[in-house]
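Chains, contacts and geometry: an overview
Read off the chains here:
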Amino acid sequence: MIREIATRPIAGQRPGTSGLRKKVAEFQAPHYVENFVQSIFDSLEGFAGQTLVLGGDGRYFNRETVQTVLRIAAANGFGRVLVGQGGILSTPAVSCLIRKRHAFGGIILSASHNPGGPEGDFGIKYNVSNGGPAPEKVTEAIYAGTRRIARYRILDAPPVDIDRIGDVRLGNMAVEIVDPVAEYRALMETLVDFDRIRALFRAGFRMRFDAMSAVTGPYAKAILEGALGAPAGTVMHGEPLPDFGGHHPDPNLVHARQIYDLAMGPDAPDLCAASDGDGDRNLIVGRGLFVTPSDSLAVLAANAHLAPGYAQGIAGIARSMPTSRAADRVAAAKRIAIYETPTGWKYFGNLLDAGLATICGEESAGTGSNHLREKDGVWAVLLWLNVLAARGASVAEIVRRHWAEYGRNYYARHDYEEVDADGANALVAALRERLPKLPGTRAGALAIAEADDFAYHDPVDGSDTLHQGVRIHFADHSRIVYRLSGTGTAGATLRVYIERFEADPARHGLETGQALGDLIALSRSLADIPRFTGRAEPSTVT
Ligand code: G16
């Protein structure tokens, strides 16, 4: 029986950079999930009888929310919902299923790299029919819906068994429980050279992949240890756990410390890699060398033609604004277009759909291509493996040769996390006010060439996105960028991105801190960070 339940708006259900992300306790409040999911459906048109994809990263509250979404979807008239077995689907796998099965859209249950468990975070994201995150006009419509919602529709029915593969019925709707990995693995086989990578492992290549007790465990085990023949034990922390084993499933140098230490240790494997909570981010560390996400994007773009899926070459590269400009140099050398977009994968969607860009990436450890409309952690690792196999060189050799050819963009991101939101907003406002006066002045020993608040004009749909971060360009081609994170769940996070280009190969072996020292000091004084945030130092440096 379908029931109409009277409800009232709940404050703060505004989707951020990546869906609605809050503490688990908020999601557990009465009507919280129901209101948001009904508001998603209320913002859409024409889905009657259509297919929805549903799954999540396995974090605490995943299974319960799958059941709630199923009952609301059935009551709202969807024809079929594809659910990953056990409620598990990585973000890229949802994108893959939406595209392959011509679904109307998908719901992903994840707070990405944020911690899980009863005290941790939860999230709900909606993806549209191209497989990508909902564009801003959709998320704004969802938000508007949450502010006027007065009722939701839900089917009265017992829970669906989501652990057994196969079809079941829920009211008039079909529920298809699918293997979370199968379609995704089939797609990967069309893009990278599995035979070549198999030969690499047979020849003794050693790697470790840290799934961080999050969603990529089943994918990495099936593909690396299964299809590609890597030895058992290649995948660490390969079981998705509701609390990610108490860890923060963020593949950066702080939270993926174990894999980093392994790569720097005496018995380092040839490749160390990791992915995040929902499987869209990646970390690549070679023996003794961490590859920054910005460099990884540039190296993959320069070498993608070595993989069968990109043998024809790439049409263009897109990167988010704060991502280093290493990829720009590859694009210039290949005479292809480079696009600079606001932070958020959704901004790549139009460029990919229009065939303007083939490879995309972000400094926040996301890399992807036109195979999906999400960034894709396991894909990035597989493409690296393909490049390593084809070049017959180590990660460090490939990266050093890349720098020698294109120059090196030294890069660091400094995060001031959970600072007072008013202080952070005031800092950005003060910077914005000073922008017109900055060009032509000196900051320490450096001359400021240009300063602006990044605005993006989408070349495909003509839309404009304003106020996406303050950029200070120096005369020596260094750059400092300030922006506030769109994904935090407590206070505000100020991100400061610091970059310096170095053409001279004799200067490519510096420590990042040494190469950027003056800019780091400047980044703090220029924006008066200690005064506005009360912090003398960043909380995380990546
Ligand atoms: C999300 C988006 C990414 C974006 C990141 C930025 O990542 O999907 O495209 O780069 O947020 O986060 P912030 O606004 O905190 O800098 P994810 O992995 O959380 O989905």
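Residues numbered from 1 in each chain as written. Predicted model: local features only at pLDDT ≥ 70, side-chain atom pairs only at ≥ 80, totals over all residues. Heavy atoms only, no water.

Overview of the site of the ligand
Around the ligand, the structure places 18 residues, and the nearest of them are Glu362, Ser485, Gly486, Thr487 and Arg495. Measuring from an oxygen atom of the ligand, one finds a side-chain N or O atom of Arg21 at 3.0 Å. Burial of the ligand by the protein amounts to 98% of the accessible area it has alone, namely 460 Å². The residue inventory of the shell around the ligand, partitioned by class, reads one nonpolar, ten polar and seven charged. (Near = heavy atom within 4 Å. Polar contact = N/O pair within 3.5 Å; in protein donor to acceptor, adjacent residues only side chain to side chain. Areas by Shrake-Rupley, 256 points an atom, 1.4 Å probe, with all protein chains shown as cover. Nonpolar A, V, L, I, M, F, W, Y, C, P; charged D, E, K, R; others polar.)

A word on helix H11 (residues 326-334)
Of the positions making up H11, those classed as buried are Ala326, Ala327, Val330 and Ala331. Down the axis of H11, the smallest arc covering the buried residues is 140°, so these residues share one side. Pointing more than 90 degrees away from the buried face of H11 are the exposed residues Ala332 and Ala333. Tucked inside the fold, the buried residues of H11 contact helix H10 (293-303), strand S15 (316-320), strand S16 (337-341), helix H14 (395-406) and strand S19 (408-419). Just downstream of H11 lies Arg335, where phi reads positive at about 55°. (Buried < 20%, exposed > 50% of the residue type's maximum accessible area, 1.4 Å probe, protein only. Helix = DSSP H or I, 4+ residues; strand = E, 2+ residues; numbered from the N terminus. Arc of directions from axis to C-beta. Contact = heavy atoms within 4.5 Å.)

Description of the domain arrangement of the protein chain
In terms of domains, the protein chain is made up of domain 1 (2-180), domain 2 (184-406) and domain 3 (408-541). Centre-to-centre, using C-alpha coordinates, domain 1 lies 28 Å away from domain 2. The partner domain 2 presents 33 residues to the 35 residues of domain 1 that form the contact. Taken together, the links from domain 1 to domain 2 amount to two salt bridges. Along the contact surface separating domain 1 from domain 2 lie 13 residue pairs in polar contact (both at pLDDT 80 or more). For the side of domain 1 that touches domain 2, the elements supplying multiple residues, two or more each, are helix H4 (91-100) and strand S6 (121-127). Counting residues per element, the side of domain 1 that touches domain 2 draws most heavily on H4, which supplies seven residues. For the side of domain 1 that touches domain 2, the residue count by class is twelve nonpolar, 17 polar and six charged. (Domains from an automatic or database assignment. Salt bridge = Lys/Arg side-chain N within 4 Å of Asp/Glu carboxyl O.)

A look at the nonpolar core
By size, the foremost hydrophobic cluster in this structure holds 76 residues, and its most contacted members are Met207, Phe209, Leu224, Trp384 and Leu385. Of all the elements, helix H13 (residues 377-391) adds the most residues to this core, at eleven residues. Two domains each put at least three residues into this core: domain 1 (2-180) and domain 2 (184-406). Non-local contacts of Leu224, meaning those with residues more than four positions away in its chain, are made with Met207, Phe209, Tyr219, Gly229, Ala230, Val235, Leu382 and Leu385. Counting residues in hydrophobic clusters, the runner-up holds 44 residues, among them Phe41, Leu109, Met173 and Val175. (Core = buried A, V, L, I, M, F, W, Y, C linked by side-chain atoms within 4.5 Å.)

Some words on the side chain of Arg524
Mapped onto the fold, Arg524 is located in helix H16 (residues 512-526). On the basis of relative accessibility, which here comes to 18%, the residue Arg524 falls in the buried class. Arg524 has contacts with His414, Tyr416, Ile529, Pro530, Ala536, Glu537 and Pro538, leaving out every residue within four places of it along the chain.

Details of empty space enclosed by the protein
What the rule picks out here adds up to one cavity of 30 Å³ or more. The wall of the largest cavity is formed by 20 residues, among which Asn252, Pro293, Glu363, Ala365 and Thr542 lie closest to the centre. Those elements giving two or more residues to the lining of the largest cavity turn out to be strand S13 (282-286) and S19. Of all the elements, S19 adds the most residues to the lining of the largest cavity, at four residues. (1 Å grid on protein atoms, 1.4 Å probe; cavity = no way out; pocket = protein on both sides within 12 Å on 5 of 7 lines; lining within 4 Å. Points joined across faces, edges and corners; volume = space filled by probe spheres on them.)

Observations concerning the sheet that holds strand S11 (residues 235-236)
One open sheet holds the five strands; their spatial order is S11-S10-S12-S13-S14, and the pairing between them is mixed. Here the strands that pair on one side only, and so sit at the sheet edges, are S11 and strand S14 (289-291). (Pairing = 2+ DSSP bridges.)

Some thoughts on the packing of aromatic side chains
Going through the model one piece at a time under the given rule, you end up with 13 aromatic pairs. Summarising the aromatic geometry, the rings of Phe201 and Phe205 are spaced 5.7 Å apart at their centres and angled 75° between planes, so their arrangement reads as edge-to-face. Taking the relative accessible area as the measure of exposure, Phe201 reaches 7% and is therefore buried. The class for Phe205 is buried, based on a relative accessible area of 12%. Chaining the aromatic ring pairs together yields one cluster made of Phe27, Tyr32, Phe61 and Phe122. The residue whose ring lies beneath Arg329 is Phe501, and the NZ or CZ to ring-centre distance is 3.4 Å. The lysine or arginine in question, Arg408, covers the ring of Trp403, its NZ or CZ lying 3.8 Å from the ring centre. (Phe/Tyr/Trp six-rings, centres within 6.5 Å; stacked < 30°, edge-to-face > 60°. Lys NZ or Arg CZ within 6 Å of the ring centre and 35° of its normal.)

Regarding the environment of Gly486
Looking at where Gly486 falls in the secondary structure, it is placed in the loop between strand S25 (479-484) and strand S26 (492-502). With a relative accessible area of 34%, Gly486 lands in the partly exposed category. Setting aside chain neighbours within four positions, we find Gly486 in contact with Gly16 and Thr17.

Quick word on the sheet that holds strand S4 (residues 80-88)
Here seven strands make up an open sheet; going across it, the order is S2-S6-S5-S3-S4-S9-S8 and the pairing mixed. Only two strands of the sheet have a single neighbouring strand rather than two, namely strand S2 (20-23) and strand S8 (166-170). Pairwise comparison of adjacent strand axes, ignoring direction, gives a mean angle of 20° for this sheet. Where strand S3 (residues 51-56) meets strand S5 (residues 105-109), five bridges bridge the pair, whose relative direction is parallel. Bridged to Gly56 within S5 is Leu109. Helix H2 (residues 32-42) contacts S2, S3, S5 and S6 of the sheet and is inclined by roughly 15° relative to S6. (Axes fitted to C-alpha atoms, helices over the stretch in contact; angles between N-to-C directions.)

Focus: unusual backbone geometry
Phi at Phe61 takes a positive value of approximately 85°, unusual for a residue other than glycine. The exposure class assigned to Phe61 is buried, which follows from its relative accessible area of 15%. Positioned with a positive phi, Met212 is a non-glycine residue whose angle comes to about 55°. Take Met212: it is sitting in the loop between strand S10 (207-210) and helix H8 (216-227).

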